[in-house]
Amino acid sequence: MQIIRAKNLGFCFGVKRSLAFTQNDYPKPIYTFGALIHNSRIVNALKKEGIVAVNDLSEVDKGTVIIRSHGAPVEVLELAEKKGLNVVDATCPFVSKIRSIVAEKHAAGYDIAIFGKADHPEVVGINSICGYTATVFDEAFPEKLYDSEKLCVVAQTTSSAEKFENIIDKIEKDRLKTVEIFDTICYTTKERQREAEALSEQCDVMLVIGGSDSSNTAKLKCICEKNCRTYSVSGADELKSIKFNVGEKIGIVAGASTPIESITEVIGYMENNYTEAKNEEFLQAVDAVETNGKTLREGKRMKVKVTYADEKGITVDFGMKIDGRIAADEATLDDTYNPADYPQGMELDVILLSSKAEDGVYPFSKKKVDKIKEGDKIVDTIRNGEEFALVVERETKGGLLGKLGTYTVFVPASQIKERYIHDLKPFVGKTLRLSRLEIDDTKRRIVASQKVILEAERKEKEQIFWTNVVPGVVVSGKVKGISKFGAFVSVDGVDCLVHISDISWTKFKSIEDILHIGKKYDFVVLKADREKGKVSLGYKQLQKHPFDVAIENHPVGSVFTGKITSLMPFGAFVEVEPGVEGLVHVSEASNTYVKNINDIFKVGDEVQVKVLAVDSEEKKITLSAKACLPEAPEDPAKAEKKDKPRAPRKKEPRKEEGSEWSEDDGNNPFADLLKDIDIKKD
Ligand code: SF4
């Protein structure tokens, strides 16, 4: 005798999910609204744990009520809330989806039609959403629905998919004004029905394992008995009365609410009694389920199948009693999660985040596996020394460690910076820019260096620096330090010097009054010696010369009042602008004859002067005080002299008198001005 089992055996996603809720620690007493699943064994087992099934809440006044996968009528939920009960909604998401469709369409004025059994708790719950106005049918499309202005058709999740398709095909759509049909039969129901159809076509006998009140088990029986002899059994005991013939092919299917224990029992009985060898593969699979949770270890990588995806994440089946869940933020690397990208049955590569179920599901991450895969791809691109980024996970003896895909990356302490790093702690959690030194594919180990990248970058910068930094070029630099002979400035990481004489055109007390440590300024390159690695910069050269400021503010012909800064036999020096002086020659000091300049001026006097001339090349400003005075009356003695014939004058060599000015000692020293002047002492 040959025994063939369907691939889909054991609890469906919705049942596993609702059972998982019973594992949580809720306020007691705990009730389920109706039998949690259509299986007396499970219901009794739950009862032993103190979780009791009730069919109405009138006698329940405290504690928790778990709403089973079928959902519950609206008025039941309202009553539970009114009573202040802790309501745990374990409604299967596929059922919740139908309830949302009905709520939306009913609100939009649609008539509702439900394909299913009118007294099935799921259908009752859905019907309650539209105030029990729905037309429920499980045979031909009701004639009265053709009168509907707007019609919405949904199906009970465990209906016969084939029957629903046939009925929908036969609807005379032309007779309906507006109709929207939603195929809401759940995927596991369809899968199991497809398998039952295929198996029953090739078998002589079909065993359908499941509770007698289970709707989906009943549907499987209907499908199978069209093709061969079919028996519905809930355990091994019931097999004893069935007569099997030698050489018959026996097919086994099970309802979505049939526990694995019942399935194991039936298959075990059949194999012990009707076949020679047990199916090792199946028993191993059963073992795996039996050791549920115990063999799981955090970080385990495994393949899972999508059962359901919504905005919050993806529910996955990984062959255990309890499902797994990938939270939306653990689904993709780039936070572009979209439930539509994860159809039922899609296989995913994931990592177990915890060996303990949370809220009745095991948490998985797909993102982490994607990251590992991405890391492995990166390893292939860095074999020639290309730079890659690594987040340091921890320090170890002599270096830092991180992961790149399935590879462990080690960065020796000597390879983190250009100098040896003793304190590694600050680097944990930071991202390093690395280049591989060694890749060992067998040990999946990479030794990498950041130092080589930093060194190469520094050299490249230096190359660019020395190419571009030539005399006359203006550069931007940060003041790093100040000494008595100048300021140290960093330009593109290279230290340069601004000598004190190149800081300002005018006298100053302290360099800090002009240049501040930590601030950036523009400088002109005065000298650049690559061999000696020395660069001289100038700051004052980029500032306006005080002489230019002076002639801008005091053009020729203008009058201003200035202070006398010094007196010379040939005239008086007057401050035009700080650091710039002009000369009032003795002949321009007064409108009367001046024998000695000291007779009319003293240092510190303020005097009104007129700018007579400017020599930009020699940086000289000629001033006149006389030009600002009224013309003097003619001297009578002079007038008399004028009438007398003039005796010929003995020609004496003309003394050259200074008419220069000095901007300051440093730029045009007064000593220089005087060195060519012959001054007679009284
Ligand atoms: S049979 Fe489908 S709808 Fe029903 S509980 Fe299972 S998964 Fe949910």
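As the structure is a prediction and not an experimental result, all values here were calculated from the model. (Residues numbered from 1 in each chain as written. Predicted model: local features only at pLDDT ≥ 70, side-chain atom pairs only at ≥ 80, totals over all residues. Heavy atoms only, no water.)

(A) Looking closely at the packing of helix H4 (residues 93–107) against helix H5 (residues 121–129). For the pair H4 and H5, interaxial distance at closest approach is 8 Å and the crossing angle is 25°. One finds that H4 runs roughly parallel with respect to H5. Where H4 crosses over H5, the handedness of that crossing is right-handed. Facing Val95, Ile98, Arg99, Val102, Ala103 and His106 of H4, the residues of H5 in contact are Glu122, Gly125, Ile126 and Ile129. Taken together, the residues of the contact of H4 with H5 sort by class into 6 nonpolar, 2 polar and 2 charged. (Axes fitted to C-alpha atoms, helices over the stretch in contact; angles between N-to-C directions. Helix = DSSP H or I, 4+ residues; strand = E, 2+ residues; numbered from the N terminus. Parallel < 35°, antiparallel > 145°, perpendicular 65-115°, else oblique. Left-handed = near helix turned anticlockwise from the far one by under 90°. Contact = heavy atoms within 4.5 Å. Nonpolar A, V, L, I, M, F, W, Y, C, P; charged D, E, K, R; others polar.)

(B) Looking closely at the site of the ligand. The immediate surroundings of the ligand are formed by Cys12, Gly14, Ser69, Cys92, Phe94, Thr157, Thr158, Cys186, Thr188 and Thr189. Residue classes in the shell around the ligand are distributed as 4 nonpolar, 6 polar and no charged. (Near = heavy atom within 4 Å.)

(C) The arrangement of the sheet that holds strand S7 (residues 135–137) in detail. If you walk across this open sheet you meet the 4 strands as S7-S6-S8-S9, and the pairing is parallel. Two strands lie at the open edges of the sheet, namely S7 and strand S9 (178–181), each paired on one side alone. Strand-to-strand twist across the sheet, computed as the mean angle between neighbouring axes with direction ignored, equals 20°. The pairing of strand S6 (residues 111–115) with strand S8 (residues 150–155) spans 5 bridges and is parallel. Opposite Asp111, over in S8, you have Leu151 as the bridge partner. (Pairing = 2+ DSSP bridges.)

(D) Inspection of the environment of Thr157 at higher detail. Its location among the elements puts Thr157 in the loop between S8 and helix H6 (161–170). Relative accessible area serves as the criterion here: at 6%, Thr157 is assigned to the buried category. Each C-alpha atom, one on Thr157 and one on Ser215, is 9.9 Å from the other, the two residues being 58 residues apart in sequence. With sequence-adjacent residues up to four places away left out, Thr157 is seen in contact with Phe94, Val95, Ile98, Glu122, Thr184, Ile185, Cys186 and Thr189. Within polar-contact distance, the side chain of Thr157 engages the side chain of Glu122 at 2.5 Å. (Buried < 20%, exposed > 50% of the residue type's maximum accessible area, 1.4 Å probe, protein only. Polar contact = N/O pair within 3.5 Å; in protein donor to acceptor, adjacent residues only side chain to side chain.)

(E) Layout of the pattern of salt bridges. Summed over all chains, the structure comprises 33 salt bridges. With a closest N to O distance of 3.5 Å, Asp380 and Arg383 form a salt bridge. Residue class for Asp380 comes out exposed when judged on its relative accessible area of 54%. Judged by relative accessible area, Arg383 falls into the partly exposed class, the value being 31%. (Salt bridge = Lys/Arg side-chain N within 4 Å of Asp/Glu carboxyl O.)

(F) Seen up close, the packing of aromatic side chains. Under the defined criterion, the tally for this structure stands at 18 aromatic pairs. Put simply, the rings of Phe115, Phe137, Phe141, Tyr146 and Phe164 pair up and form one aromatic cluster. Taking the ring centre of Tyr110 as reference, the NZ or CZ of Lys105 above it sits at 5.0 Å. Lying across the ring of Tyr146, Arg175 places its NZ or CZ 3.8 Å from the centre. (Phe/Tyr/Trp six-rings, centres within 6.5 Å; stacked < 30°, edge-to-face > 60°. Lys NZ or Arg CZ within 6 Å of the ring centre and 35° of its normal.)

(G) Local environment of the pairing of strand S30 (residues 571–577). Counting buried residues along S30, 6 of its 7 residues qualify, which places the element largely inside the surrounding structure. By the bridge criterion, 4 bridges tie strand S29 (residues 559–568) to S30 in an arrangement that is antiparallel. Bridging across to S30, Ser566 finds its partner in Phe573. Pairing analysis gives 6 bridges linking S30 to strand S31 (residues 580–585), with the strands arranged antiparallel. Looking across to S31, one finds that Gly571 is bridged to His585.

(H) Local environment of unusual backbone geometry. Cis geometry is found at the peptide bond from Lys28 to Pro29, where omega equals -5°. Tracing the backbone shows Pro29 in the loop between helix H1 (13–21) and strand S2 (30–33). In this structure, Tyr132 is a non-glycine residue whose phi angle is positive, near 60°. Looking at the secondary structure, you find Tyr132 in the loop between H5 and S7.

(I) Main features of the confidence of the model for the chain. The predicted model of the chain has a mean per-residue pLDDT of 87, with 89% of residues at 70 or higher. This model gives residues 277–294 a pLDDT under 50, and the stretch forms 22 contacts once residues within four places in sequence are excluded. Note that residues 651–682 has pLDDT below 50 and, in this model, 51 contacts with residues that lie over four places away or in other chains. (pLDDT = per-residue confidence, 0-100.)

(J) Seen up close, the side chain of Arg68. If you trace the backbone, Arg68 turns up in the loop between strand S4 (64–67) and helix H3 (74–82). Buried and unpaired, Arg68 has Asp213 as its nearest opposite-charge partner, separated by 8.0 Å. Other than its neighbours up to four places away in sequence, Arg68 contacts Phe33, Gly34, Ala35, Leu36, Ala90, Thr91 and Pro121. (Lys, Arg positive; Asp, Glu negative; His and termini not counted.)

(K) Structural view of the side chain of Thr22. Along the chain, Thr22 turns up in the loop between H1 and S2. Side chain to side chain, Thr22 and Gln23 meet in a polar contact 3.4 Å long. Residues in contact with Thr22, not counting those within four places in the same chain, are Leu36, Leu46, Ile51 and Ile66.

(L) Structural detail: the nonpolar core. Judged by nonpolar contacts, the single largest core of 31 residues is most densely connected at Leu207, Leu239, Val253 and Met270. Of all the secondary-structure elements, those providing two or more residues to this core are strand S1 (2–5), helix H7 (187–202), strand S10 (205–209), helix H8 (215–225), strand S12 (249–254) and helix H9 (260–274). The element that contributes the greatest number of residues to this core is H9, accounting for 6 residues. The residues contacting Leu239, other than those within four sequence positions of it, are Leu207, Val233, Phe244, Val266, Tyr269 and Met270. Core analysis: the second largest hydrophobic core is formed by 21 residues, Ala550, Val586, Val609 and Ile621 among them. (Core = buried A, V, L, I, M, F, W, Y, C linked by side-chain atoms within 4.5 Å.)

(M) Summary view of the pairing of S2. Burial of S2 is two-sided: the residues Ile30 and Thr32 facing one way and the residues Tyr31 and Phe33 facing the other way are all buried. Bridge count between S2 and strand S3 (residues 51–54): 4 bridges; the pairing is parallel. Note that in S3 the partner of Tyr31 across the bridge is Val52. Handedness of the crossover joining S2 and S3 through helix H2 (residues 40–48) is recorded here as right-handed. In this structure, S2 lies alongside S4, joined through 4 bridges in parallel fashion. From the neighbouring strand, Ile30 faces S4, where its bridge partner is Thr64. (Right-handed = clockwise from strand over helix to strand, strands pointing away.)

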